[in-house]
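# Survey of secondary and tertiary structure
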Amino acid sequence: MQPSPPQRNLVLIGFMGTGKSAIGRAIARGLCVRHLDTDCEIERRFQMDIPRIFAEHGEAAFRSAEQDVLRRLARRGPSGAPQPRLIISTGGGTPMREENVDLLREMGQIVWLSAPIGTVLQRVGRNLKQRPLLAGYQDNPQQRIRQLMAEREPRYASLADIRVDTSPFASPKDAAAHIISLLRQNEDL
């Protein structure tokens with residue numbers, strides 16, 4: 001029997017390194033629905049990777065493009081015709097822009113993926129150069145991660161319908177199976 005798709009979009013928020021993209025892809029595979037990564041959409045629009053977008057266009061241009069992607073996704077909502085459901089992975093800073101809060105809520109159910117600082121550092125430590133907000137912190141990225149988490153976690157908490165600590169899971173597939181199980185228990189699938 002094929003799994004039933006979610007009744008509405010599932011939006012993954014959380015700090016960098018918590019698994020939003022990998023777990024989002026695994027959830028989409030598990031539910032046989034499409035996955036959309038907002039960072040990938042922005043890279044496609046600019047035709048360059050995120051570090052280069054930040055370097056050449058600045059964070060403000062990136063955040064503006066991010067909001068445009070959210071607006072487009074929010075407009076996909078009920079138009080009379082059934083819309084294909086999506087699993088949407090967002091960037092870690094997406095919820096920090098006040099204008100994005102309502103858009104995220106309109107898009108679907110929000111799952112906050114979290115992990116302790118040590119886990120985040122272990123996951124992103126190999127690719128610090130790919131993380132523009134950690135640039136200049138190569139000597140002590142833990143300090144910057146702690147600062148950004150302190151700023152962002154209250155917003156994540158205020159938006160989340162469900163919170164899942166991804167650190168105990170051996171793989172994105174295992175975390176995805178757990179999230180799907182939680183959603184089924186809550187009858188959100």
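Our subject in this report is the structure included herewith. Here the structure is a predicted model, which means the values were calculated and not measured.

Turning next to the overall build of the protein. What the protein contains, in helices and strands, is seven helices and five strands. Along the chain direction, N to C, the helices and strands of the protein fall in the order β-α-β-α-α-β-α-β-α-α-β-α. Taking all 189 residues of the protein together, 46% fall into the buried category. For the protein, the computed accessible surface area is about 9,700 Å², with 47% contributed by carbon and sulfur atoms.

For the rest of this paragraph, the subject is unusual backbone geometry. Phi at Cys32 is positive, roughly 60°, even though this residue is not glycine. Take Cys32: its relative accessible area is 46%, and that puts it in the partly exposed class. One non-glycine residue with positive phi stands out, namely Gln47, at about 60°. Residue position: Gln47 is located in the loop between helix 2 (38–46) and helix 3 (50–75).

For the rest of this paragraph, the subject is the environment of Gly14. You can see Gly14 is positioned in strand 1 (residues 10–14). The class for Gly14 is buried, based on a relative accessible area of 0%. Separated by 141 residues in sequence, Gly14 and Arg155 place their C-alpha atoms 9.7 Å apart.

This part takes up the layout of surface pockets. In this model, the largest pocket occupies a volume close to 780 Å³. Lining of the largest pocket is provided by 37 residues; of these, Met16, Gly17, Ser21, Asp39 and Arg131 occupy positions nearest its centre. Secondary structure elements with two or more residues in the lining of the largest pocket: helix 1 (20–31), helix 2, helix 3 and helix 7 (172–185). Among the elements that line the lining of the largest pocket, the one with the most residues is helix 3, at six residues. In terms of residue class, the lining of the largest pocket is built from 15 nonpolar, eleven polar and eleven charged.

So, how was this worked out
Residues numbered from 1 in each chain as written. Predicted model: local features only at pLDDT ≥ 70, side-chain atom pairs only at ≥ 80, totals over all residues. Heavy atoms only, no water. Helix = DSSP H or I, 4+ residues; strand = E, 2+ residues; numbered from the N terminus. Buried < 20%, exposed > 50% of the residue type's maximum accessible area, 1.4 Å probe, protein only. Areas by Shrake-Rupley, 256 points an atom, 1.4 Å probe, with all protein chains shown as cover. 1 Å grid on protein atoms, 1.4 Å probe; cavity = no way out; pocket = protein on both sides within 12 Å on 5 of 7 lines; lining within 4 Å. Points joined across faces, edges and corners; volume = space filled by probe spheres on them. Nonpolar A, V, L, I, M, F, W, Y, C, P; charged D, E, K, R; others polar.

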